[in-house]
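Structure at a glance
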Amino acid sequence: MTPTTPQDRPSPDPDLAEVAPVLAAVRAQAPLVHCLTATVSMALVADGLLAAGARPMMTETAAEAPVLTTVADALSINLGTLSTDGMDGIPATVEVAVREGRPWVLDPTAVGIAPVRTPLARSLLTQRPTVVRGNASELLVLAGSGAGGRGADATDPAEAAADAARAVAARTGGAVAVSGAVDVVCDARRSRRVDRGAALLTRVTGTGCLLGALTAACTAVCEDPVEAALAATVWLDVAGELAAGRAAGPGSFRMHLLDALDEVGREVER
Amino acid sequence: MTPTTPQDRPSPDPDLAEVAPVLAAVRAQAPLVHCLTATVSMALVADGLLAAGARPMMTETAAEAPVLTTVADALSINLGTLSTDGMDGIPATVEVAVREGRPWVLDPTAVGIAPVRTPLARSLLTQRPTVVRGNASELLVLAGSGAGGRGADATDPAEAAADAARAVAARTGGAVAVSGAVDVVCDARRSRRVDRGAALLTRVTGTGCLLGALTAACTAVCEDPVEAALAATVWLDVAGELAAGRAAGPGSFRMHLLDALDEVGREVER
Amino acid sequence: MTPTTPQDRPSPDPDLAEVAPVLAAVRAQAPLVHCLTATVSMALVADGLLAAGARPMMTETAAEAPVLTTVADALSINLGTLSTDGMDGIPATVEVAVREGRPWVLDPTAVGIAPVRTPLARSLLTQRPTVVRGNASELLVLAGSGAGGRGADATDPAEAAADAARAVAARTGGAVAVSGAVDVVCDARRSRRVDRGAALLTRVTGTGCLLGALTAACTAVCEDPVEAALAATVWLDVAGELAAGRAAGPGSFRMHLLDALDEVGREVER
């Protein structure tokens, strides 16, 4: 029954320790994140933001989305299952975020052969997103060097897209995060590999969309886009590892992932 | 090993005991509730109604929603993530409910600065909703005395909105339910406080929307709007308490909440 | 501690054993299933397909859905909560699937009094869906012999619709699957009863929509439409039985159902 000394504690996860201040800032400031996002994953994105301590707002019409962006702390634009409302509302909403100086994240889901979202994503790049988050094939399309995936899943390994990511970052002046078995977060000068996460993250719809929205939450509390994108990536990856250890399959994984987003990094904060 | 006598049983929850006849009537009659509701919380609302023993129907287009309302037992109108389909379909759908004598609930989610839903909510008040359900800042906006919240969360305590709620109820002739740490259910003459629930209810998207739809289900089986709104409020609050006791975080809370909606009040019925 | 011999193993489920090759083919080939489906159940459908080993794609606009169908392995059309985007996009998307020789499934959710989807479903029958999947009252409407249900739930027992199902199959040349307490899968010549499943499947929104999408996944890997529809039906029913045995209510049932879709039939494959 000797008292626990600091030395007896398990060492904190070094990846988590690095990003813990960003997680703590999201929890303390509860940024309001306006999301124009894939219908299919809207609930996971909103619940994931709430679990992380942020607050979601989700309206995509041209009639309301731009005005509502004026009270948001960050904006997340995801092109998955792009509706007519989304097509109409996205450009004006991004313009408001840029004009008001709000950080914003572009998630070019499933660009490639999709005839509306592919040119839309390219034109949105000129609005200099704070972070672009996608998989390898999406980044290759944006950089002009790939044909895109089938659906929303990647066909090229994340590292193969590292050159494309740097090229996109050079154009936007922001950060780029490439998700895959190994994640890469970079800007035009720096590049970081994150070799964390769990295979089950690919068995639940919308975990990529959630990463984009979580990245937006982090940009609201952290000036450096690379640090913000890195924090969101580590946050979701470590939560995925915890959830995978507790899950019996993809259904229970989804539930444990949300619980873990609320839990991850709190012991580092103490 | 003495046999259990009635006296040995734990006393039933007095709040639940009061509303148990309404819960039992929902379970017995399985009312069909037509919901035009926020896209982000559609699944929680539908699953919550099913867990409670009601039946959801969810179509929002002007082309189909009014006709489908003729076979519904109650209507729930929620303005969150208002789509163009919803903007177009809501007024004609409410007119059908009113014409057919169906009870209907208005949930003015996120009114305030939103330029379409704010005047829409005000004009719908003239159709005399059976129950208006919202948070304090939404009620203040409807009563003309507040600027609205940021997004869907309240910035004023529920009790501060009690005057606004009574003012709105005086205009509609129905009930008003104000959700918050303490809930208030009132009409122009009566007012009830409900000091139940769990903080985790604010960590899952759409629990407020679900309360609106559950209120609609209760109005379908209970003539008195205040009693119906009180029953739905206690139902969700007590289910939230049960779920909070079983949950490890917001993900598992959402699952336990649905289980608890199915469970709450059954022991009182026996 | 005698070693386990094959004879000691529990006999495999005979229904599962019959369809196990189809389940294994879905897992091996991971077909990309394009779904234009009810908004309310989009997440369950996508997560269910992923749990089963298939890959979902979900875009419903006329601007993008037809083009994206060219890279899909199968198409699932569900008319529940039909949006304006869906109304506009469905006919052209089905035309592409037919022209490209892709199997496709029609799920005529809630046809009857709905003024758009009822004629739409009838006109889509002329495009000869590989499988039509619905409940008894929906099949009666399609065959011209019923008035439809209230909302999405059936009012006639599945077997009463067997004649209607055969009549529809005779027109399309494909298979018809009728869901109910007892499921029926037939074409113009053959008919199979499946007396499996769990009552909790009716307490979660979208399990019927998921069955339609899972059927589409099976048609992508199995030439015989009756075999494909039978495999999907048994897959969901047996997963429902497993989940019902583990669930405390409809919320936990939904989670266990997704886990079980990933689990069912694997022991037969070994």
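Residues numbered from 1 in each chain as written. Chains lettered and ligands numbered in written order. Predicted model: local features only at pLDDT ≥ 70, side-chain atom pairs only at ≥ 80, totals over all residues. Heavy atoms only, no water.

1. Overview of the overall build of chain A
We apply this condition: Secondary structure counts use DSSP, requiring at least four H or I residues in a row for a helix and at least two E residues in a row for a strand, with both numbered from the N terminus. A 1.4 Å probe rolled over the protein chains alone gives each residue an accessible area, and that area as a share of the maximum for its type sets the label: buried under 20%, exposed over 50%, partly exposed in between. We call two residues in contact when some of their heavy atoms are within 4.5 Å. Accessible areas in this description were obtained via Shrake-Rupley with a 1.4 Å probe; residue shielding takes into account the shown protein chains only.
Looking only at helices and strands, chain A features eleven helices and eight strands. With 270 residues in all, chain A has 63% of them scored as buried. By sequence separation, contacts in chain A at least 24 residues apart represent 68% of the contacts at least 6 residues apart. Surface summary for chain A: the accessible area is close to 9,400 Å², and the carbon and sulfur share equals 53%.

2. So, the relation of the copies chain B and chain C
Mapping between the two copies of the chain is achieved by a rotation about an axis and a shift along the axis. Operational definition: Only residues with pLDDT of at least 70 in both copies contribute their C-alpha atoms to the least-squares superposition of the copies.
The two copies are related by a screw operation: chain B maps onto chain C through 120° of rotation and 0.0 Å of translation along the axis, at an RMSD of 0.0 Å. The operation mapping one copy onto its partner corresponds to a three-fold rotation axis. Looking at the rotation axis and the C-alpha trace of chain B, the residue lying nearest is Thr39(B), at 4.3 Å.

3. Things to note about the relation of the copies chain B and chain A
You can overlay chain B on chain A at an RMSD of 0.0 Å; the transform is a turn of 120° with a shift of 0.0 Å along its axis. Of the residues that chain B buries at the interface, just 8% are likewise interface residues in chain A, meaning the two copies contact each other through different surfaces.

4. Description of the UniProt feature "binding site: substrate" (unreviewed entry) in chain A
Counted only if it meets this: UniProt positions are given in the numbering used here, feature names are shortened, and annotations may be inferred rather than shown by experiment.
If you check UniProt for "binding site: substrate" (unreviewed entry), the listed places come out as Met58(A) and Gly206(A) in our numbering. One can find Met58(A) in the loop between strand S2 (55–57) and helix H3 (65–69). Among the residues examined, Met58(A) registers a relative accessible area of 7% and is labelled buried. Beyond its immediate stretch of four places on either side in the chain, Met58(A) contacts His34(A), Cys35(A), Thr37(A), Met42(A), Val45(A), Ala46(A), Val40(B) and Thr81(B). Judged by its relative accessible area of 12%, Gly206(A) is buried. Filtering out sequence-adjacent residues up to four positions away, Gly206(A) remains in contact with Ser41(A) and Leu44(A).

5. Considering the interface of chain B and chain A
Here is the rule we go by: Put simply, buried area is how much 1.4 Å-probe accessible surface two parts lose in total, over both of them, once they are put together. When a carboxyl oxygen of Asp or Glu is within 4 Å of a side-chain nitrogen of Lys or Arg, the pair counts as a salt bridge.
At the junction of the two partners, chain B supplies 26 residues and chain A supplies 27 residues. Between chain B and chain A, the buried area comes to about 2,200 Å², and carbon and sulfur atoms account for 56% of it. One can count three salt bridges joining chain B with chain A. The partner of Arg117(B) in a salt bridge is Glu64(A), with the nearest N and O atoms 2.8 Å apart.

6. Some words on the interface of chain B and chain C
Under the convention used in this document: Polar contact is defined as a pair of N or O atoms within 3.5 Å, subject to the rule that within protein one atom must be able to donate a hydrogen and the other to accept it, and that residues adjacent in sequence are counted only when both atoms are side-chain atoms. Note on residue classes: Ala, Val, Leu, Ile, Met, Phe, Trp, Tyr, Cys and Pro are nonpolar, Asp, Glu, Lys and Arg are charged, and everything else, Gly too, is polar.
With 27 residues of chain B at the contact, the number on the chain C side is 26 residues. Roughly 2,200 Å² is buried in total at the junction of chain B and chain C, and carbon and sulfur atoms are behind 56% of that figure. Counting the surface chain B buries against chain C, the share from its top three residues, Leu50(B), Glu64(B) and Asp259(B), is 24%. Taken together, chain B and chain C are joined by three salt bridges. Residue Arg254(C) pairs with Asp47(B) through a salt bridge whose shortest N-O separation is 3.7 Å. Taken together, chain B and chain C are joined by eleven residue pairs in polar contact (both at pLDDT 80 or more). The set of elements that each furnish at least two residues to the side of chain B that touches chain C consists of helix H2 (42–52), strand S2 (55–57), helix H3 (65–69) and helix H10 (250–263) of chain B. Considered class by class, the residues forming the side of chain B that touches chain C number 15 nonpolar, five polar and seven charged.

7. Digging into empty space enclosed by the protein
It is a probe the size of a water molecule, rolled over the atoms, that shows where empty space is left. Where we set the bar: Two kinds of site are reported from a 1 Å grid over the protein atoms alone, namely cavities, where a 1.4 Å probe fits but cannot get out, and pockets, open sets with protein on both sides within 12 Å along at least five of seven lines, and residues are called lining when an atom falls within 4 Å of a point. Grid points are joined across faces, edges and corners, and a volume is the space filled by probe spheres set on the points.
Using the criterion set out here, one finds twelve cavities of 30 Å³ or more in the structure. Of the volumes computed, that of the largest cavity is approximately 250 Å³. Around the largest cavity, the lining comprises 16 residues; the ones closest to its centre are Arg254(A), Met255(A), Arg254(B), Met255(B) and Arg254(C). When residues of the lining of the largest cavity are traced back to their parent elements, those giving at least two are helix H10 (250–263) of chain A, H10 of chain B together with helix H2 (42–52) and helix H10 (250–263) of chain C. Partitioned by chemical class, the residues of the lining of the largest cavity number nine nonpolar, three polar and four charged. Estimated volume of the second largest cavity: approximately 100 Å³. In terms of lining, the second largest cavity is formed by Thr39(A), Val40(A), Met42(A), Ala43(A), Thr39(B), Val40(B), Met42(B), Ala43(B), Thr39(C), Val40(C), Met42(C) and Ala43(C).

8. What to know about the sheet that holds strand S5 (residues 131–135) of chain A
Residue and element names in this part refer to chain A. For clarity, the threshold we go by: Paired strands, as defined in this entry, are two strands with at least two bridges between them according to DSSP. Interaxial angle, 0 to 180 degrees, is taken between N-to-C directions of lines fitted to C-alpha atoms, where a helix line uses only the stretch in contact.
Across the sheet, which stays open at both edges, the eight strands sit in the order S2-S1-S3-S4-S5-S6-S7-S8 with mixed pairing between neighbours. In the strand order of this sheet, the two ends are held by S2 and strand S8 (191–194), each with one partner. When the angles between neighbouring strand axes are averaged without regard to direction, this sheet yields 20°. Bridge count between strand S7 (residues 183–186) and S8: four bridges; the pairing is antiparallel. When the sheet's bridge partners are listed, Asp183 is paired in S8 with Val194.

9. Topic: the pattern of salt bridges
If the charged atoms of two oppositely charged side chains come close together, the side chains can form a pair. Taken as a whole, this structure holds 48 salt bridges over all chains when the rule is applied. The salt bridge involving Asp15(C) is made with Arg196(C); its shortest N-O contact spans 2.7 Å. Taken together, the residues Asp15(C) in helix H1 (residues 14–29) and Arg196(C) in the loop between strand S8 (191–194) and helix H8 (207–219) connect sequence positions 181 residues apart. Taking relative accessible area as the criterion, Arg196(C) reaches 19% and is therefore assigned buried. Members of the salt-bridge network, linked through shared partners, are Asp13(A), Asp15(A), Arg196(A) and Glu241(A).

10. Section: the sheet that holds strand S3 (residues 74–78) of chain C
All names here are of chain C. Here we have eight strands laid out as an open sheet, ordered S2-S1-S3-S4-S5-S6-S7-S8, and mixed in their pairing. Each edge of the open sheet carries a strand with a single partner, namely strand S2 (55–57) and S8. Across the sheet, the mean angle from the axis of one strand to that of its neighbour is 20°, orientation sign disregarded. Against the sheet, helix H5 (residues 117–125) engages S3, strand S4 (104–107) and strand S5 (131–135), with an angle of about 150° to S4. Against the sheet, helix H7 (residues 162–172) contacts S5, strand S6 (175–179), strand S7 (183–186) and S8, and its axis sits at roughly 155° relative to S6.

11. Description of the environment of Ala169(C)
All names here are of chain C. Relative to the helices and strands, Ala169 resides in helix H7. A C-alpha to C-alpha distance of 9.6 Å links Ala169 and Leu125, two positions 44 residues apart in sequence. Beyond its immediate sequence surroundings of up to four residues, Ala169 is in contact with Gly174, Val176, Asp187 and Ala188.

12. Regarding H1(C)
Residue and element names in this part refer to chain C. The line we're drawing: To estimate how far a helix should extend, the number of its residues minus one is multiplied by 1.5 Å. A residue's bend is simply the angle between two axes: one fitted to the seven residues ending at it, one to the seven starting at it.
With 16 residues, H1 should cover 22 Å at 1.5 Å per step; its first-to-last C-alpha distance of 24 Å lies within 8% of that length. At Ala20, H1 shows its largest bend, some 50°, and a proline, Pro21, comes one to four positions later. The N-capping residue of H1, defined by a side-chain oxygen 3.0 Å from the backbone nitrogen of Asp15, is Asp13. Positive phi shows up at Ala30, right after H1, with a value of about 45°.

13. Focus on the packing of H2(B) against helix H8 (residues 207–219) of chain B
All names here are of chain B. Definition in use: For classification purposes, an angle smaller than 35 degrees is called roughly parallel, one larger than 145 roughly antiparallel, one from 65 to 115 roughly perpendicular, and anything else oblique. Note: crossing handedness is left-handed where the near helix turns anticlockwise from the far helix by less than a right angle, and right-handed where it turns clockwise.
Contact pair H2 / H8: the axes reach a minimum separation of 9 Å and the direction vectors enclose 45°. One way to sum up the angle between H2 and H8 is to call them oblique. Note on packing geometry: the crossing formed by H2 with H8 is right-handed. Contacts between H2 and H8 involve Leu44, Val45, Gly48, Leu49 and Ala52 on the former and, on the latter, Thr207, Cys209, Leu210, Ala213, Leu214 and Ala217.

14. Considering the UniProt feature "binding site: ATP" (unreviewed entry) in chain A
Residue and element names in this part refer to chain A. Mapped onto this numbering, the UniProt entry annotates "binding site: ATP" (unreviewed entry) at Arg133 and Ser179. On the basis of their most widely separated C-alpha atoms, the annotated residues across 47 residues gather in one place, lying no more than 7.5 Å apart. With a relative accessible area of 6%, Arg133 lands in the buried category. What Arg133 contacts, discounting residues up to four positions off in sequence, is Leu106, Asp107, Pro108, Ala177, Ser179, Gly208, Leu211 and Gly212. A polar atom in the side chain of Arg133 sits 3.0 Å from the side chain of Asp107. Within polar-contact distance, the side chain of Ser179 engages the side chain of Arg133 at 2.5 Å.

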